[in-house]
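Here is how the chains run, residue by residue.
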Amino acid sequence: MDNLRIPAIKRKEKINLYVNGKPITAYAGETVLAALLAAGYKIIKKNPVSQEPRGALCGMGVCFECTVTINGVPNIRACVTEVQEGMRVELDD
Ligand code: FES
């Protein structure tokens, strides 16, 4: 789903990444969070106690509400991590 991106913006090369095993397209220079939101992922994780869905809040590395597992490494802030080709992102189910 690329329709959340502004078409007039010139983008760099396409980057393929995988979210819970499903491929999505991002563009070089985007953050993982930007790619997730553009692909329609609004729920990033769940509260570990209540299991309530959580989404990104600040978008600038402060709140830690966007932590995901990237290439097997847990607790990476998606909002301050740039996409890389073949990156594997795991979100809470
Ligand atoms: S959205 Fe707040 S740290 Fe990423």
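Residues numbered from 1 in each chain as written. Predicted model: local features only at pLDDT ≥ 70, side-chain atom pairs only at ≥ 80, totals over all residues. Heavy atoms only, no water.

1. Thoughts on the side chain of R5
In step 1: For R5, the position within the fold is in the segment before β1 (14-19).
In step 2: Among the polar contacts listed, one links the side chain of R5 to the backbone oxygen of T25, at a separation of 3.3 Å.
In step 3: Within the structure, R5 has its side chain in polar contact with the side chain of E30 (distance 2.8 Å).
In step 4: Contact partners of R5, with chain neighbours within four places excluded, come to R11, T25, A26, Y27, E30, A35 and A38. (Helix = DSSP H or I, 4+ residues; strand = E, 2+ residues; numbered from the N terminus. Polar contact = N/O pair within 3.5 Å; in protein donor to acceptor, adjacent residues only side chain to side chain. Contact = heavy atoms within 4.5 Å.)

2. Some details on the sheet that holds strand β5 (residues 67-70)
In step 1: Reading across from one edge, β2-β1-β7-β5-β6 is the order of the five strands in this open sheet, with mixed pairing throughout. Each having just a single partner strand, β2 (22-27) and β6 (73-77) make up the two edges of the open sheet. Each strand axis lies, on average, 40° off the axis of its neighbour in the sheet, ignoring direction.
In step 2: Relative to β2, β1 runs antiparallel, the two sharing six bridges. By the bridge assignment for β2, I15 is matched with A26. (Pairing = 2+ DSSP bridges. Axes fitted to C-alpha atoms, helices over the stretch in contact; angles between N-to-C directions.)

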